[in-house]
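As a plain string of letters, each chain reads:
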Amino acid sequence: MKHILVVEDEQHLAIGIKYNLEAEGYLVTAVADGPAALKFYEDNTRSIDLIVLDLMLPGMSGYAVCETLRQQGSDVPILMLSARTLTEDRIRGFDAGTDVYVQKPFDLEELLSIVRNLLTRRRRNSALTPSVSEEVEGEQSIDGKEYRFDRGRVVVNFDTYQVTVDGHSVRLTALEMKLLQYFIEHEGSVVTRAELLENVWGMSHCPTTRTVDNFIVNLRKYFEVDQTQPRHFLSIRGIGYRFVAVGEFAGEAS
């Protein structure tokens, strides 16, 4: 049974969310503030499959809770709820590490659909043993949902959300996986920050932001041999980025 942690200080809303999630067959624990959420997650890390996190919490904001979990290395899916409607608030939520940002009041069926989607994508295993296959030097191969690049050094499985680099498991959040998949699907093409914000983050009108750049830093940290000289996630000055699977030296790096 999937275990969902609901962090919501408005009791009537917490009760309603808990009731409807339990009706869907989930085990649900509800807490009313950030410190309690972090303590419960610390004590039950292996059993929590998803966190539904309110933004405006007493004493410690949802932003701070999310940032703390990500800094601790947690890849648990986080669905952030907020009555704030400004684009800047959504950007800050994504920068903090949330996977989905849902505005209040929300449609119950939509919320349940998002929950199902995040849980489906939840990685259940902490490690992946790469399958044995014949690799052609300097070429990437795609086998169903499995994708290899950098001469097979990196293996990504989009069905299980499992990633290995040099045989070691790498933990990516759902949003990082979505960004990686977008780059792979547009391999070799230059994609703008605006394009990424619209197609990965779902934001069509955004102020100048380093949201995309911050996520690129993460992808380089995971996959580049030398982050200062990226070979896969290349900066295109004044435009955006380009992903190359085989790897080439960039003319510039950011």
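Going by the structure above, here's the rest.
For every chain, the first residue of the written sequence is number 1, and numbering continues from 1 onward in sequence order. Totals for whole chains, interfaces and linings use every residue, but because this is a predicted model, local features are given only for residues with pLDDT of at least 70 and side-chain atom pairs only at 80 or more, for both listing and counting. The side-chain numbers reported here are obtained from all heavy atoms of the structure, hydrogens and water having been left aside.

With reference to specific residues and values, describe the packing of aromatic side chains.
Whether two aromatic rings pair depends on their centres lying within 6.5 Å, for rings of Phe, Tyr and Trp, where Trp uses its six-membered ring; planes under 30 degrees apart make the pair stacked, over 60 edge-to-face, and the rest tilted. Under the criterion given, the structure shown has eight aromatic pairs. With a centroid separation of 5.3 Å and an interplanar angle of 90 degrees, the aromatic rings of Phe149 and Phe243 are classed as edge-to-face. Remark: Phe243 occurs in strand 13 (residues 240-243) and Phe149 occurs in strand 7 (residues 146-149); sequence separation between them is 94 residues. Judged on exposure class, the residue Phe149 and its partner Phe243 are both buried. Between Phe183 and Phe233 the ring centres are 5.7 Å apart and the planes differ by 75 degrees, which places this aromatic pair in the edge-to-face class. Taken together, the residues Phe183 in helix 6 (residues 174-185) and Phe233 in strand 12 (residues 233-236) connect sequence positions 50 residues apart. Strands are runs of DSSP state E lasting at least two residues, helices are runs of H or I lasting at least four, and both sets are numbered from the N terminus onward. Per-residue accessibility, obtained with a 1.4 Å probe over protein chains only, is compared with the maximum for each type, and a residue is labelled buried under 20%, exposed over 50%, and partly exposed between these values.

Got a sec to walk through unusual backbone geometry? Specific residues and values, please.
With an omega dihedral of -5 degrees, the bond running from Lys104 to Pro105 counts as a cis peptide bond. Within the secondary structure, Pro105 is located in the loop between strand 5 (100-103) and helix 5 (108-121). Of note in this structure, Asp150 is not a glycine but carries a positive phi near 60 degrees. When you line up the elements, Asp150 lands in the loop between strand 7 and strand 8 (154-157). Residue Asp166 is not a glycine yet carries a positive backbone phi of 55 degrees. Following the sequence through the fold, Asp166 ends up in the loop between strand 9 (162-165) and strand 10 (168-170).

Describe the pairing of strand 4 (residues 78-82), with residues and values.
The element strand 4 is extensively covered by neighbouring structure, given that five of its five residues are classed as buried. Every second residue of strand 4 is oriented toward a common face, with Ile78, Met80 and Ser82 on one face and Leu79 and Leu81 on the other, all of them buried. Strands qualify as paired when DSSP identifies two bridges or more between them. Strand direction decides the pairing type here: strand 3 (residues 50-54) and strand 4, joined by four bridges, are parallel. Paired with Leu53 across the two strands is Met80, which belongs to strand 4. A right-handed crossover is one whose linking path, passing over the helix from the first strand to the second, runs clockwise when the strands point away from the viewer. Viewed along the sheet, the connection from strand 3 through helix 3 (residues 62-71) into strand 4 turns out right-handed. Where strand 4 and strand 5 come together, four bridges link them in parallel fashion. Within the sheet, the bridge partner assigned to Met80 lies in strand 5 and is Tyr101.

I'd love a proper account of the nonpolar core, names of residues and values included.
Take the buried residues of types Ala, Val, Leu, Ile, Met, Phe, Trp, Tyr and Cys, join any two whose side-chain atoms come within 4.5 Å, and each joined set is a nonpolar core. Counting residues in each nonpolar core, the largest one holds 75 residues, and the members touching the most others are Ile51, Phe183, Trp201 and Phe223. Looking at which element gives the most residues to this core, the answer is helix 6, with eight residues.

Read these as spatial facts, not as claims about activity.
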